[in-house]
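Secondary and tertiary structure notes
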Amino acid sequence: MVNNQVSDAPILGESNKGHGWKPILTGELATAAVDVARAVSLRVSNPELVEAAAATAQQQTAFPRSTHWIPYTISQGYAGLAVLWGYLDACFPGEGWDLRGREHLELAVRSAETIHDPPLGLFSGLSGLAFGAWALSRQGTRYRHLLARLDDAICAETAQSAKDLYAQNHGVTIGEFDVISGASGVGAYLLCRRDQPNPAATLSALIQALIYLGDDERGVPRWHTPAHLLWDESMKESFPYGNLNCGLAHGIPGPLAFLSQSLRAGFVSPGLAETIARMADFLCANRYDDEWGVNWPNAVPLEPAGNSSGGELRAGSAQSGSEEPSRCAWCYGSPGIARALWLAGEALDRDDYRSLAVSSLEDVFRRPVPARRINSPTFCHGVAGLLAVTMRFANETGSPVFLEASRMLVEQLLDSYQPESLLGFRNIEYGDHEVDQPGLLDGAPGVALVLLAAATNVEPTWDRLFLLS
């Protein structure tokens, strides 16, 4: 059984009484960051401009099948903008940002009501819509009826999804457990609502299912993805037997971060600590260092187990795949993995996990900027995501390395500001396509959120959306 014990860990909207939040900027740089964040926020507060940008992005993108404005989503919708308005309301109370948030939340809810069976995921479905409402709710004091309705729907579907994970004995798609669409992202939202009976009970079931998924099946973790479940032909060519995904957005660092935060929040279950250690040990054992230090691959390949004729597989080595070490982003690479390892170290009080987390993030800043391979200013695979991770480490370790790195990343973001563009920042895709993306995950709103966190003393508890807290 999982027991939800009383915890001192902060929930979304509460200040972190143990550490507090210290802005990493002062003086003119702080003023510049806030001014740019405000300018971007004013632009995306206009639904007509947002929808114009969304239409423009469809023409600019190299990925038109995945670049769509879906109003009820966090990633590319008004639910994501609600997160920005909630943080602005906390940073600058009395300025009316909560009213703009209400307008956008209504647009998101109306959109969701037109969908017969909306997905569950955090970045693509109901959990994200609920997260947006929660971010605006001032610690749950507003939107109570809406949140209760959403919780009922989310918990019912999550309970069934948790049961379904027990049937996965031959591998899973990443969308069943990852942050973007799967169990760990849904769990991130439910942790914000753990003071409510239904979400607390659902969290218990979800934790138990992920403990099961985290076990080894004949030497291969149950969470592995066989080749026929990989998402496209190029992945199948790179990983002909399947793989074990290592990115925070889509791989095992997501469940690791979620389970670590669950343990810290007071959820106790047989095997929980052991599962956290097993997942963390997998990452520790599968580094793919480069000339500047610690890094990881996007995924570890599976390969045939010896001379077996029964089709058994085993995990290969990090270096045995066709890929090089990953870029240095939130979604893939050492920043996101470092954060997951740090949270595991905090949950289990393991200095080895914390030490590797710190050293791997320090190594990011030994790399020349081009070698980090994140030329976009945006969150998912860009500079804003790296800054969000680095600020967490700066606040929790007090390291001057991370404080100085955070300031340099802010300067890099401000240098990429394009006031003549539709929204102020453009997402830079592969092939250097510049896209006027209005969504939180890959667009200007995510940059504004991070700049505000760098310059204000209001803790960015919204970053639980990315499983950073």
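Residues numbered from 1 in each chain as written. Predicted model: local features only at pLDDT ≥ 70, side-chain atom pairs only at ≥ 80, totals over all residues. Heavy atoms only, no water.

This paragraph deals with the overall build of the protein. Along its length, the protein carries 17 helices and nine strands. By the compact-globule yardstick of 23 Å for 469 residues, the protein fits well, its C-alpha radius of gyration being 21 Å. Overall size of the protein, expressed as C-alpha extent along the three principal axes, is 65 × 50 × 45 Å. Taking all 469 residues of the protein together, the buried fraction comes to 59%. Surface exposure of the protein reaches about 17,900 Å², of which carbon and sulfur atoms provide 51%. For the protein, the distance from the average position of its 34 positive side-chain charges to the average position of its 53 negative side-chain charges is 4 Å. (Helix = DSSP H or I, 4+ residues; strand = E, 2+ residues; numbered from the N terminus. Rg over C-alpha atoms; globule rule 2.2 N^0.38 Å. Buried < 20%, exposed > 50% of the residue type's maximum accessible area, 1.4 Å probe, protein only. Areas by Shrake-Rupley, 256 points an atom, 1.4 Å probe, with all protein chains shown as cover. Lys, Arg positive; Asp, Glu negative; His and termini not counted. Charge placed at Lys NZ, Arg CZ, Asp CG, Glu CD.)

So, about the layout of surface pockets. The probe, sized like a water molecule, is rolled over the atoms to show the empty space still left. As a volume, the largest pocket reaches approximately 1,600 Å³. Looking at the lining of the largest pocket, the elements that each hand over two or more residues are helix H9 (233–238), strand S4 (243–245) and strand S8 (427–428). Split into classes, the residues belonging to the lining of the largest pocket amount to 16 nonpolar, 19 polar and ten charged. (1 Å grid on protein atoms, 1.4 Å probe; cavity = no way out; pocket = protein on both sides within 12 Å on 5 of 7 lines; lining within 4 Å. Points joined across faces, edges and corners; volume = space filled by probe spheres on them. Nonpolar A, V, L, I, M, F, W, Y, C, P; charged D, E, K, R; others polar.)

What follows is about helix H10 (residues 253–264). Spanning twelve residues, H10 covers 16 Å between terminal C-alpha atoms, matching the ideal 16 Å at 1.5 Å per step. Burial runs high along H10: ten of the twelve residues are buried. Of the positions making up H10, those classed as buried are Pro253, Gly254, Pro255, Leu256, Ala257, Phe258, Leu259, Ser260, Gln261 and Ser262. Contact partners of the buried residues in H10: helix H7 (183–192), helix H8 (197–213), S4, strand S5 (267–268), helix H11 (272–285) and helix H12 (334–348). Where H10 ends, the next residue or the one after it, Gly266, has phi of about 105 degrees, a positive value. (Expected span 1.5 Å × (residues − 1). Contact = heavy atoms within 4.5 Å.)

With that settled, consider the side chain of His224. Positionally, His224 belongs in the loop between strand S3 (220–221) and H9. Among all residues touching His224, those that are not within four sequence positions of it are His170, Gly171, Val172, Asn243, Leu244 and Leu302.

Once that is clear, we can look at helix H5 (residues 126–136). The element H5 is largely enclosed, with a buried count of eleven among its eleven residues. Listed in full, the buried residues belonging to H5 are Leu126, Ser127, Gly128, Leu129, Ala130, Phe131, Gly132, Ala133, Trp134, Ala135 and Leu136. Check the buried side of H5 and you find it contacts helix H3 (78–91), helix H4 (97–113), helix H6 (144–165) and H7. In the stretch just after H5, Arg138 is the one whose phi turns positive, near 50 degrees.

Before going further, it helps to examine the packing of aromatic side chains. The description of an aromatic ring pair uses the distance of the two centres, along with the angle that the planes make with each other. For the coordinates displayed, the defined rule picks out 16 aromatic pairs. Note on Trp462 and Phe466: the rings are 6.3 Å apart at their centroids and 85 degrees apart in plane angle, and the pair reads as edge-to-face. The buried category is assigned to Trp462, whose relative accessible area is 4%. Take Phe466: its relative accessible area is 1%, and that puts it in the buried class. Every member of this aromatic cluster is reached through a ring pair, and the members are Tyr87, Phe123, Trp330, Phe379, Trp462 and Phe466. Arg38 extends its terminal NZ or CZ atom over the ring of Phe92, reaching a point 4.1 Å from the ring centre. (Phe/Tyr/Trp six-rings, centres within 6.5 Å; stacked < 30°, edge-to-face > 60°. Lys NZ or Arg CZ within 6 Å of the ring centre and 35° of its normal.)

Let us now look at the sheet that holds strand S7 (residues 313–315). Strand pairing in a sheet takes place through backbone hydrogen bonds and is either antiparallel or parallel in direction. A sheet is described by the order of its strands in space; here three strands give the open sequence S4-S6-S7, paired in antiparallel fashion. Edge positions in the open sheet fall to S4 and S7, since each of these has one partner strand only. Adjacent strand axes in the sheet meet at a mean angle of 25 degrees, parallel and antiparallel pairs treated alike. Here three bridges tie strand S6 (residues 299–304) to S7, and the two strands are oriented antiparallel to one another. Directly across from Leu302, in S7, lies its bridge partner Ala315. (Pairing = 2+ DSSP bridges. Axes fitted to C-alpha atoms, helices over the stretch in contact; angles between N-to-C directions.)

What follows covers the pattern of salt bridges. Throughout the structure, instances matching the rule amount to 27 salt bridges. Between Glu106 and Arg102 there is a salt bridge, and its shortest N-O distance comes to 3.6 Å. Of this pair, Glu106 and Arg102 both sit in helix H4, four residues apart, which is roughly one turn of that helix. On the basis of relative accessible area, Arg102 is assigned to the partly exposed category, the value being 49%. The residue Glu346 makes a salt bridge to Arg354 at a minimum N-O spacing of 2.9 Å. Each of the salt bridges in this network shares a partner with another, and the network as a whole consists of Arg264, Glu346, Asp349, Asp351 and Arg354. (Salt bridge = Lys/Arg side-chain N within 4 Å of Asp/Glu carboxyl O.)

Taken by themselves, the reported measurements are silent on function.
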